[in-house]
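Okay, here's what each chain looks like letter by letter:
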Amino acid sequence: MATDELVKTTTGIAHHGAERLPSVDVDSFNIEMKDEDGFLGDRASKGAFREILDRWRKPLRKTGEDPFGKEASESISKKTLDDILVGDDVEASAVVHSAIEEFAQELAYVTRRFLKSKAWGKTERIVVGGGFRDSRLGELAIARTEIILKAEDFKIDMTPIRHHPDEAGLIGALHLAPSWIFEAHDSILAVDIGGTNIRCGLVETSWKKAKDLSKAKVVKSELWRHADDEPTREGAVKRLTKMLKGLITEAEKDGFKLAPFIGIACPGVINADGSIEKGAQNLPGNWESSKFNLPASLIEGIPVIGEHDTAILMHNDGVVQGLSEVPFMQDVDRWGVLTIGTGLGNARFTNRRKDNGKDKESADSGKKKDKDSKKGD
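These figures come from a predicted structure and were not determined experimentally. (Residues numbered from 1 in each chain as written. Predicted model: local features only at pLDDT ≥ 70, side-chain atom pairs only at ≥ 80, totals over all residues. Heavy atoms only, no water.)

On to the side chain of serine 45, then. Assignment of secondary structure puts serine 45 in the loop between β3 (38–39) and α2 (46–62). Residue serine 45 is classed as buried on the basis of its relative accessible area, which comes to 5%. Excluding anything up to four places from it in sequence, serine 45 contacts Phe103, Ile340, Gly341, Thr342 and Gly343. (Helix = DSSP H or I, 4+ residues; strand = E, 2+ residues; numbered from the N terminus. Buried < 20%, exposed > 50% of the residue type's maximum accessible area, 1.4 Å probe, protein only. Contact = heavy atoms within 4.5 Å.)

As a further point, take the layout of surface pockets. Volume-wise, the largest pocket comes out at about 1500 Å³. If you go around the largest pocket, you meet 48 residues; those closest to its centre are Gly195, Asp317, Gly341, Thr342 and Gly343. If you list the elements that add at least two residues to the lining of the largest pocket, you get α2, α6 (165–171), β6 (187–193), α11 (317–323), β15 (334–340) and β16 (344–351). Here the lining of the largest pocket is composed, by residue class, of 15 nonpolar, 22 polar and 11 charged. (1 Å grid on protein atoms, 1.4 Å probe; cavity = no way out; pocket = protein on both sides within 12 Å on 5 of 7 lines; lining within 4 Å. Points joined across faces, edges and corners; volume = space filled by probe spheres on them. Nonpolar A, V, L, I, M, F, W, Y, C, P; charged D, E, K, R; others polar.)

Glancing now at the sheet that holds strand β7 (residues 198–204). One key point about sheets: their strands pair by backbone hydrogen bonds, in either a parallel or an antiparallel sense. Pairing is mixed in the open sheet, where five strands are placed in the order β8-β7-β6-β9-β14. For this open sheet the edge positions go to β8 (217–224) and β14 (311–316), each flanked by a neighbour on one side alone. Adjacent strand axes in the sheet meet at a mean angle of 20°, parallel and antiparallel pairs treated alike. Bridge count for β6 against β7 is seven bridges, and the pairing is antiparallel. Looking at the pairing, isoleucine 193 lines up with isoleucine 198 of β7. Against the sheet, helix α10 (residues 294–301) contacts β6, β9 (258–266) and β14, and its axis sits at roughly 150° relative to β14. (Pairing = 2+ DSSP bridges. Axes fitted to C-alpha atoms, helices over the stretch in contact; angles between N-to-C directions.)

Another aspect to go through is the pairing of β16. Burial within β16 is extensive, with eight of its eight residues counted as buried. The pairing of β15 with β16 spans seven bridges and is antiparallel. Residue pairing across strands places threonine 339 opposite glycine 345, the latter belonging to β16. Counting the residues between successive antiparallel strands, the hairpin from β15 to β16 contains three residues.

Time to look at helix α9 (residues 233–253). The end-to-end C-alpha distance of α9, which contains 21 residues, comes to 31 Å, matching closely the 30 Å that a straight helix rising 1.5 Å per residue would cover. Those residues of α9 that sit buried are Arg233, Ala236, Val237, Leu240, Thr241, Met243, Leu244, Leu247, Ile248 and Ala251. Angularly, the buried residues of α9 cover 160° about the axis, an arc narrow enough to put them on a single face. Facing away from the buried side of α9, by more than 90 degrees, are the exposed residues Lys238, Lys242, Glu252 and Lys253. (Expected span 1.5 Å × (residues − 1). Arc of directions from axis to C-beta.)

What follows is about the packing of helix α3 (residues 78–85) against helix α4 (residues 90–115). Across the interface, α3 lies against α4 with an axial gap of 8 Å and an inter-helix angle of 110°. Considering their axes alone, α3 and α4 lie roughly perpendicular with respect to each other. Viewed along their axes, α3 and α4 form a crossing whose handedness is left-handed. Of the residues in α4, those touching α3 at Leu81, Ile84 and Leu85 are Ala92, Ser93, Val96, His97 and Ile100. Of the residues in the contact of α3 with α4, the class split is six nonpolar, two polar and no charged. (Parallel < 35°, antiparallel > 145°, perpendicular 65-115°, else oblique. Left-handed = near helix turned anticlockwise from the far one by under 90°.)

Moving on, we come to unusual backbone geometry. Of note, the phi angle at aspartate 153 is positive, near 70°, even though the residue is not glycine. Following the sequence through the fold, aspartate 153 ends up in the loop between α5 (136–151) and β5 (157–160). A positive phi angle, near 50°, is found at serine 206, a position not held by glycine. For serine 206, a relative accessible area of 11% gives the class buried.

So, on to the packing of aromatic side chains. With the rule as written, the count across this model stands at six aromatic pairs. Seen in terms of ring centroids, phenylalanine 49 and phenylalanine 132 are 5.2 Å apart; in terms of plane orientation they differ by 55°. Their pairing is tilted. Of this pair, phenylalanine 49 sits in helix α2 while phenylalanine 132 sits in the loop between β4 (125–129) and α5; the two residues are 83 residues apart in sequence, bridging distant segments of the chain. Given a relative accessible area of 4%, phenylalanine 132 falls into the buried group. Plain terms: the ring middles of tryptophan 335 and phenylalanine 349 are 4.5 Å apart, the flat faces sit at 35° to each other, and that makes the pair tilted. With a gap of 14 residues between them, tryptophan 335 in strand β15 and phenylalanine 349 in strand β16 connect regions that are remote in the sequence. This pair shows no difference in class: tryptophan 335 is buried, exactly as phenylalanine 349 is. Put simply, the rings of Phe49, Phe103 and Phe132 pair up and form one aromatic cluster. (Phe/Tyr/Trp six-rings, centres within 6.5 Å; stacked < 30°, edge-to-face > 60°.)

Written out as structure tokens, the structure is:
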């Protein structure tokens with residue numbers, strides 16, 4: 001099947017990994033920057049924070065005064081660390097605060113490099129998502145990073161992503177869909193694929209309450225920890241198809257007007273035909289094979305939803321998580337997202353505001369022509 005035919009078959013809307021989406025232009029995503037020590041993203045990941053925490057514990061271990069005892073740093077839960085921050089054990093709290101400060105310095109270093117890159121030029125705000133954000137220590141690290149950058153005269157706001165990271169990757173899928181879908185339907189199916197989990201959700205648009213999708217919510221979801229089962233690639237697709245069919249059945253039973261659309265967030269560089277160029281090494285099996293196409297495989301298993309042919313659009317997981325913030329980014333033009341997880345996901349956006357039915361680019365062009373014509377007069 002030719003690429004153009006495959007794109008049409010699996011989306012019917014736009015190409016996968018598209019640079020232009022209904023609300024934003026995706027200026028860049030999944031940039032892999034390096035310095036002398038390797039990939040920059042490795043300096044600001046969940047694993048990096050645990051390594052920093054472990055380093056701060058070492059001096060105390062030597063004197064037998066480590067407040068965490070023999071528990072490995074990677075095994076200490078975020079909730080435990082959050083509790084320690086406000087607890088009575090001053091020394092333990094000081095260790096966590098020290099780790100937060102050092103991690104914030106690393107995150108500031110990485111963010112600084114992004115902001116100085118051509119792709120991230122003139123960025124006004126950065127939202128930070130990923131699992132690390134879902135903690136008090138993560139929020140403190142983000143706030144401290146913003147302070148460090150502002151002290152260096154970077155005019156940038158850094159804020160934690162609004163939705164829970166588990167839901168942001170599902171809600172963001174709404175912004176992959178064209179607005180006409182919301183006229184006749186009140187919900188879509190969304191998939192968020194990660195190196196450990198695959199999450200499927202039924203996302204209610206609440207479009208009648210808020211045309212900007214700011215009231216959207218996940219009404220049902222199902223999680224599968226594929227890392228525990230270690231399935232084959234084909235086994236993973238089969239399980240994912242079953243999960244989606246289950247949500248379709250539940251949506252029909254509960255009276256939802258489900259759109260014939262599935263939005264997918266997936267790690268890596270997504271090609272226009274739905275294949276994955278690179279960055280999917282943590283997924284079960286070889287997802288980067290030229291012979292594998294997830295959207296096409298799902299179309300085979302779910303050819304129709306309701307009475308209509310199924311349309312699927314897949315994009316990078318960092319992009320999709322960032323898209324959940326679109327309704328709340330309308331006071332800026334250029335903004336980005338960093339997702340702190342196993343690695344550091346990243347994407348940069350430029351808003352496409354509407355002006356009497358025209359996007360911002362067209363409107364600005366029209367204003368320029370008017371000015372030029374007045375000069376001519």
